[in-house]
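Next come the chains, spelled out residue by residue.
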Amino acid sequence: MLSKSNRKAAVVGAGSVGASVAYALTISGLVSELVLVDVNSAKAEGEAMDLAHAAAFIKPVTIYAGSFEDCRDAGIVIFCAGASQRPGETRLDLLQKNYAILRESLAELRSVGGDGILLIVSNPVDVLTYAALKITGLPPERVFGSGTVLDSSRFRHNLSCHCGVASRNIHAYVVGEHGDSEVLLWSLAYIAGTGLGRFCELAGIPPVDRPEVDARVRNAGYEIISKKGATYYAVSLAVKRICESIIRDEYSILTVSGLIDGAYGISGCCLSLPAVVNSRGRGSPLELPLKGEEEDALRRSADILKAAIKQINL
């Protein structure tokens, strides 16, 4: 269990995503100490300096570049190292090169010890989370990935635009892989305690074009990458939201990626399902009542991830 006094976070990987995560945490006021670790030490030092120079505008936080040794006493270690997705690539295309980076980094982290939570952000996040579990041998509640927290936000954003309701007042989840096989749970999308279809009737607005929204959510990352080269702002805020629930012991329900051991008949992989996140980490996933086609799609997503896991030597 993360001590409430431990508000130190370590970000491993100071590229676009890692630096954006560090920025989001810096301005959030959640952490009191933040260390950036990168194989390119000059890059980590530059990012740390840039963030530290905002001291007059933010709540007190000590920010510096460091090494894996500095991760020993961190309450949360956020793993963002690895190659970024390029135009035309899927997240699973990054598997071999990012697994090699993860394996090398975790060897360093294991050597220094520590009892913090390991949060995987690098893609393919589900497969790398499973690999991190096997490599570290840590309890499943302490090793999990950012999963579909961002995808669920994208889903809610699209529904918000159609329904004219704030995203924070919409309950809708994306589960499964953070990738092409992800599953939008239309049957569990609610606004003000009312199913999505019925809400549209009551509000006098047309039904949601589900295939169109599905495509927008599923392809959002590809579209952003094609337009600006990378995605990092929204995912960094998703990571900040996860850290917030851990540090504040919120017991929030988030679709983080973690070990599945029997839910919906699935085992032997990590994927996203709604789970309670608190200072202990990720609780057991909630096995919600899904429609038959949603459950089938979730199992297909799990099969894709298990096939990817077989491509690496664990």
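Further up the page is the structure itself.
These figures come from a predicted structure and were not determined experimentally.

A. Spotlight on the pattern of salt bridges. Under the counting rule described, the total for this entry stands at twelve salt bridges. Note that Arg 241 and Glu 244 form a salt bridge whose closest N and O atoms lie 3.0 Å from each other. Separated by three residues within a single helix, Arg 241 and Glu 244 lie in helix α9 (residues 233-247), roughly one turn from each other. With a shortest N-O distance of 3.1 Å, Arg 248 and Glu 244 are connected by a salt bridge. Judged by relative accessible area, Arg 248 falls into the partly exposed class, the value being 49%. Residue Glu 244 is classed as buried on the basis of its relative accessible area of 13%. If you follow the salt bridges from partner to partner, you end up with Arg 241, Glu 244, Arg 248 and Glu 250 in one network.

B. The arrangement of the sheet that holds strand β15 (residues 275-278) in detail. Taken in spatial order, the three strands make up an open sheet running β12-β15-β16, and their pairing is antiparallel. If you trace the sheet from one side to the other, it starts and ends with β12 (252-254) and β16 (281-285), each paired once. In this sheet, adjacent strand axes meet at a mean angle of 35° when their direction is disregarded. Pairing between β15 and β16: three bridges, direction antiparallel. The residue of β16 that forms the bridge with Asn 278 is Gly 281.

C. Representation of the sheet that holds strand β10 (residues 190-191) within the structure. A sheet is described by the order of its strands in space; here three strands give the open sequence β7-β10-β11, paired in antiparallel fashion. At either margin of the open sheet sits one strand with a lone partner, and together these are β7 (170-171) and β11 (194-195). Where β7 lies against β10, two bridges are found, and the strand directions are antiparallel. Within β10, the position partnered with His 171 by the bridge is Tyr 190.

D. Geometry of helix α10 (residues 292-309). Its 18 residues give α10 an end-to-end C-alpha distance of 26 Å, which sits within 8% of 26 Å, the value for a rise of 1.5 Å per residue. Every buried residue of α10 is accounted for by Glu 294, Ala 297, Leu 298, Ser 301, Ala 302, Leu 305, Ala 308 and Ile 309. Within α10, the buried residues cover an arc of 145° as seen down the axis, which keeps them to one side. α10 presents Glu 293 and Arg 300 as exposed residues on the side facing more than 90 degrees away from its buried surface. Of the surrounding secondary structure, the elements contacted by the buried residues of α10 are α3 (95-112), α4 (125-136), β8 (174-175), β9 (183-184) and β14 (267-272).

Reading the values: rules and limits
Residues numbered from 1 in each chain as written. Predicted model: local features only at pLDDT ≥ 70, side-chain atom pairs only at ≥ 80, totals over all residues. Heavy atoms only, no water. Salt bridge = Lys/Arg side-chain N within 4 Å of Asp/Glu carboxyl O. Helix = DSSP H or I, 4+ residues; strand = E, 2+ residues; numbered from the N terminus. Buried < 20%, exposed > 50% of the residue type's maximum accessible area, 1.4 Å probe, protein only. Pairing = 2+ DSSP bridges. Axes fitted to C-alpha atoms, helices over the stretch in contact; angles between N-to-C directions. Expected span 1.5 Å × (residues − 1). Arc of directions from axis to C-beta. Contact = heavy atoms within 4.5 Å.

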